[in-house]
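# An overview of the molecular structure
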Amino acid sequence: MITQRDRWLAAGAIWGPSLFILAWMVGGFMINGYSPIDDHISALAGIDAPSRFVMNIGLAAYVLGVGSAAWPLRKAIGSSASVALFLNALFVLGVLLTPDGLSSNADLLHGGFAILVYLTLSLVGPLAALSLRRRGLIGWAIGSLTVGAITSMSLWISLGETNSGLFQRIGLTTTDLWLMVVGIAYLKGHLSPQRSAGGSTAGGGAGG
């Protein structure tokens with residue numbers, strides 16, 4: 001049974017990533033010469049960037065939306081994936097509080113938080129796949145594992161010099177879109193465990 005409070009919180013998995021994606025799409029048009037293929041999203045939230053206000057709204061929306069959704073979504077993707085999701089939102093807050101150009105120390109912290117954002121986001125899909133597999137939701141498990149693989153590979157490539165902005169966007173957006181789909185499915189009750197004729201949950205317990 002999904003409570004009304006859980007519904008409100010879980011909806012953050014939909015509007016949080018949506019506003020984040022919208023922010024970097026809009027912000028990219030606000031800086032002359034900015035290339036979404038070569039330039040990282042962080043540049044849009046830099047101290048002197050004209051798109052800073054828009055990007056900060058997107059980052060804050062992600063932190064609030066995803067951070068609040070992590071708790072109710074544990075029932076859908078398991079406790080381990082939910083913890084990774086909450087930590088991801090927490091590290092995004094760190095990125096928000098240490099914008100590019102603030103100071104040399106802040107730039108170091110920014111880079112560290114960004115790496116942690118990549119790591120935790122890459123773990124969400126695979127950890128969810130383990131829980132979904134135990135609950136008999138094989139299609140969801142395969143999809144989640146695939147999302148994790150695409151995100152991990154893309155974010156790793158984005159640390160290089162070639163097309164780093166493009167691969168960063170592919171990596172982040174892949175899991176963000178998956179999260180939005182999970183949020184919608186959770187609200188519609190499509191992620192409940194499959195049950196056999198005898199009433200027992202397929203694939204074992206609730207998982208986590």
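A brief look at the structure comes next. (Residues numbered from 1 in each chain as written. Predicted model: local features only at pLDDT ≥ 70, side-chain atom pairs only at ≥ 80, totals over all residues. Heavy atoms only, no water.)

### Some thoughts on the overall build of the protein chain
Tallying secondary structure elements over the protein chain gives seven helices and zero strands in all. When the helices and strands of the protein chain are read in sequence order from the N terminus, they spell out α-α-α-α-α-α-α. The C-alpha radius of gyration of the protein chain comes to 18 Å, within 12% of the 17 Å expected for a compact globule of 208 residues. By principal-axis analysis of the C-alpha atoms, the protein chain measures approximately 65 × 35 × 30 Å. Counting all 208 residues of the protein chain, 45% fall into the buried class. Once local pairs closer than 6 in sequence are excluded, the contacts in the protein chain between residues at least 24 apart make up 69%. Looking at the protein chain as shown, the accessible area adds up to about 10100 Å², and 71% of this sits on carbon and sulfur atoms. The centroid of the 11 positive side-chain charges in the protein chain is displaced by 27 Å from the centroid of its 8 negative side-chain charges. (Helix = DSSP H or I, 4+ residues; strand = E, 2+ residues; numbered from the N terminus. Rg over C-alpha atoms; globule rule 2.2 N^0.38 Å. Buried < 20%, exposed > 50% of the residue type's maximum accessible area, 1.4 Å probe, protein only. Contact = heavy atoms within 4.5 Å. Areas by Shrake-Rupley, 256 points an atom, 1.4 Å probe, with all protein chains shown as cover. Lys, Arg positive; Asp, Glu negative; His and termini not counted. Charge placed at Lys NZ, Arg CZ, Asp CG, Glu CD.)

### Topic: the pattern of salt bridges
Tallying each qualifying case throughout the model produces one salt bridge. A salt bridge links Lys-75 to Asp-6; its shortest N-O distance comes to 2.8 Å. In this pair, Lys-75 is assigned in helix α3 (residues 52–77) and Asp-6 in helix α1 (residues 4–10), connecting sequence segments 69 residues apart. (Salt bridge = Lys/Arg side-chain N within 4 Å of Asp/Glu carboxyl O.)

### A short note on the packing of aromatic side chains
What the rule picks out here adds up to one aromatic pair. Its end group placed over the ring of Trp-71, Arg-74 keeps NZ or CZ at 3.6 Å from the ring centre. Against the face of Trp-24 rests Arg-169, its NZ or CZ located 5.0 Å from the ring centre. (Phe/Tyr/Trp six-rings, centres within 6.5 Å; stacked < 30°, edge-to-face > 60°. Lys NZ or Arg CZ within 6 Å of the ring centre and 35° of its normal.)

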